[in-house]
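Residue-level listing of the chains:
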Amino acid sequence: MRATAEPVGAPPLVAAAAGFAAEARAPAADWDREGRVPAEVRRELARAGLLAPDLPTRYGGAGLAPAELGEVAAHLGGVCSALRGLLTVQSMVAAALLRWGTREQRAHWLPPLADGTLTAGFAATEEGAGSALGEVRTEIEESADGTALTVTGRKRWVTFGQDADVLLVLGRSGGRPTAVLVETDRPGVRREPVSGQLGMRAAGIAHLALDAVRVPADHRIAPSGAGLSHVAATALDHGRFTVAWGCVGMAEACVADAAAHAAARTQGGVPLSRHQAVGALLARIAVDAAGARELAARAARARAGGPGRGVTETIMAKYAAAAAGASAGRDAVQILGAAGCAPDSRVGRHYRDAKVMEIIEGAQQVSEMHIAAHLVRRFGAGA
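Cut-offs used in this document
Residues numbered from 1 in each chain as written. Predicted model: local features only at pLDDT ≥ 70, side-chain atom pairs only at ≥ 80, totals over all residues. Heavy atoms only, no water. Core = buried A, V, L, I, M, F, W, Y, C linked by side-chain atoms within 4.5 Å. Buried < 20%, exposed > 50% of the residue type's maximum accessible area, 1.4 Å probe, protein only. Helix = DSSP H or I, 4+ residues; strand = E, 2+ residues; numbered from the N terminus. Contact = heavy atoms within 4.5 Å. Salt bridge = Lys/Arg side-chain N within 4 Å of Asp/Glu carboxyl O. Axes fitted to C-alpha atoms, helices over the stretch in contact; angles between N-to-C directions. Parallel < 35°, antiparallel > 145°, perpendicular 65-115°, else oblique. Left-handed = near helix turned anticlockwise from the far one by under 90°. Nonpolar A, V, L, I, M, F, W, Y, C, P; charged D, E, K, R; others polar. Polar contact = N/O pair within 3.5 Å; in protein donor to acceptor, adjacent residues only side chain to side chain. Pairing = 2+ DSSP bridges. pLDDT = per-residue confidence, 0-100. Expected span 1.5 Å × (residues − 1). Bend = angle between axes of the 7 residues up to and from the residue.

Observations regarding the nonpolar core
Part 1: Core analysis: the largest hydrophobic core is formed by 70 residues, its most contacted members being Trp31, Val37, Leu45, Val72, Leu83, Ile335 and Met357.
Part 2: Looking at this core, the elements that each hand over two or more residues are α1 (12-34), α2 (39-47), α3 (66-77), α4 (81-100), α6 (227-264), α7 (276-303), α8 (311-336) and α10 (346-357).
Part 3: Setting aside its immediate chain neighbours within four residues, Met357 contacts Arg84, Met200, Val243, Cys247, Met250, Lys318 and Ala322.
Part 4: Within the second largest apolar cluster, 32 residues are counted, among which are Val89, Ala124, Val136 and Ala226.

This is the structure in structure tokens:
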């Protein structure tokens, strides 16, 4: 797969993402059916510098600003949510390490995450701890001499868990939330591939069993007690941002496909687009997609202020963009009719994937609670 350029003036990696996405559009339906993004495609994404492109150049990244990272995610998300998912999980683990890792940890782990030598997985969700990550039960026990950690637990729905070389695992140590890196080739790590799920079918999702997996103590990221509020929170915030932009790409792709079909297809002797009901659907999804893009751009501007900035703006963008992707997918399938239901339909894939986007990295209802709480904090004192 050869990356080609998008319009003149685009930042190089944004142009590379556009070209990569253009060539991925046709085979993406096959990846969805087969349940995997081929290993060579993942390697090509790494060679193009599109795995953790916002990392500083000293760690092998390109130092992309949030707005540029967002455009990369939108291009990939517009053709294949699994490709965007690989960008998301690699970048969110890298972001957590960049902010909370020691100098030695950053030097050791970040370059291979940037160049794709290592594929990362974020292992947080458990059977009884989906959105409520404070309730994880995975145990992380420190050895008597303090040189090692033993990790025991069950993790679910790990994106690219079938392929990950290293996991950022959220657990508990002495009752306090703790984050630790676990290489998947260590004894006690067992993968259970997941297939046939509603969406993200090509993302190599797996459930993982960690049975007394022993890792060096220096694999702990930040002190115990900071695993959720600091490490996982940074990873999830970064993930929401790229998911939001990926959903923008999905929504815009659905608008484009629906409009092209409506313009070319005739019904009753007139173009489908001239039927009022169809025109209304097109208008609504176009407005939703445009609104989601503006909220994502606002989040990018807020995040440009540095670490910890733009958290609420990012949640709002992800909330709106996931909803826009879901409505655009649904209505595009309606406009395309049977063509929208075909096995190779891009809008059909996006319809399924968008529902997943309304759940991951904070379900819509959780986002509503956060946004409402932010408003009360902002305006409540003067009420």
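There is more to say, and it comes next.
Quick notes on the pattern of salt bridges
Part 1: Applying the stated criterion to the full structure yields 19 salt bridges.
Part 2: Two residues, Arg47 and Glu40, come together in a salt bridge whose shortest N-O distance is 2.5 Å.
Part 3: Assessed through its relative accessible area of 57%, Arg47 is described here as exposed.
Part 4: Glu40 sits in the partly exposed class, given a relative accessible area of 33%.
Part 5: The closest approach of N and O atoms between Arg156 and Glu127, which form a salt bridge, is 3.3 Å. With Arg156 in strand β3 (residues 148-158) and Glu127 in the loop between β1 (120-123) and β2 (139-142), this residue pair connects regions lying 29 residues apart in the sequence.
Part 6: Overall, Arg156 belongs to the partly exposed group, its relative accessible area being 26%.
Part 7: We classify Glu127 as exposed; its relative accessible area is 65%.

Digging into the packing of α8 against α10
Part 1: The N-to-C vectors of α8 and α10 enclose an angle of 150°; their axes lie 8 Å apart at closest approach. Here α10 runs roughly antiparallel to α8, going by the angle between their axes. The handedness of the crossing between α8 and α10 is left-handed. Mapping the contact onto sequence places Lys318, Ala322, Gly325, Ala326, Gly329, Arg330, Ala332, Val333 and Leu336 in α8 and Val347, Gly348, Tyr351, Ala354 and Met357 in α10.
Part 2: Residues that form the contact of α8 with α10 fall into these classes: nine nonpolar, three polar and two charged.

A word on the side chain of Gln364
Part 1: Mapped onto the fold, Gln364 is located in helix α11 (residues 364-379).
Part 2: On the accessibility criterion, Gln364 (8% relative accessible area) is buried.
Part 3: Within the local environment of Gln364, its side chain forms a polar contact with the backbone oxygen of Tyr319, the two atoms lying 3.0 Å apart.
Part 4: Beyond its immediate chain neighbours, meaning those up to four positions away, Gln364 contacts Lys318, Tyr319, Ala322, Ala323 and Glu358.

Here's the deal with the pairing of strand β4 (residues 166-173)
Part 1: Across the eight residues that make up β4, a large majority, seven, are buried.
Part 2: Pairing of β1 with β4, which is carried by four bridges, proceeds in the parallel orientation. When the bridges of β4 are listed, Phe122 appears paired with Leu168.
Part 3: As judged from the eight bridges shared by β4 and strand β5 (residues 176-183), these two strands associate in the antiparallel manner.

A closer look at the confidence of the model for the chain
Part 1: Residues at a pLDDT of 70 or more form 97% of the chain, whose mean pLDDT is 94.
Part 2: A low-confidence stretch, residues 1-5 (pLDDT under 50), is modelled with 16 contacts involving residues beyond four sequence positions or located in other chains.

Here's the deal with α6
Part 1: The terminal C-alpha atoms of α6 lie 53 Å apart, and with 38 residues this matches the ideal 56 Å at 1.5 Å per residue to within 8%.
Part 2: The largest bend in α6 is about 40°, located at Ala233.
Part 3: The element α6 is largely enclosed, with a buried count of 28 among its 38 residues.

As for the packing of α3 against α6
Part 1: Packing of α3 against α6 leaves a shortest axis separation of 7 Å and a crossing angle of 50°. By the angle between their axes, α3 is oblique relative to α6. In the packing of α3 onto α6, the handedness of the crossing is right-handed. Contacts between α3 and α6 pair Pro66, Leu69, Gly70, Glu71, Ala73, Ala74 and Gly77 from the former with His238, Phe241, Thr242, Trp245, Gly246, Gly249 and Met250 from the latter.
Part 2: Of the residues belonging to the contact of α3 with α6, the class tally is seven nonpolar, six polar and one charged.

Some details on the environment of Glu23
Part 1: With respect to the secondary-structure elements, Glu23 resides in helix α1.
Part 2: Residue Glu23 is classed as partly exposed on the basis of its relative accessible area of 29%.
Part 3: In this structure, the C-alpha to C-alpha distance between Glu23 and Val79, residues 56 residues apart in sequence, is 9.3 Å.

Details of the environment of His261
Part 1: Tracing the backbone through its elements, the reader meets His261 in helix α6.
Part 2: Given the relative accessible area of 17%, His261 is considered buried.
Part 3: Taking the C-alpha atoms as reference points, His261 and Glu294, 33 residues apart in sequence, are found 26 Å from one another.

What about unusual backbone geometry?
Part 1: Positive phi, close to 55°, is recorded for Trp157, a residue that is not glycine.
Part 2: Mapping Trp157 onto the fold places it in strand β3.

Brief notes about α4
Part 1: Here α4 contains 20 residues, and its C-alpha end-to-end distance of 28 Å stays within 8% of the 28 Å for a straight helix at 1.5 Å per residue.
Part 2: Most of α4 sits out of view: 17 of its 20 residues are buried.

Describing the environment of Arg106
Part 1: Within the secondary structure, Arg106 is located in helix α5 (residues 103-114).
Part 2: Residues in contact with Arg106, not counting those within four places in the same chain, are Tyr59, Leu97, Leu98, Gly101 and Pro111.

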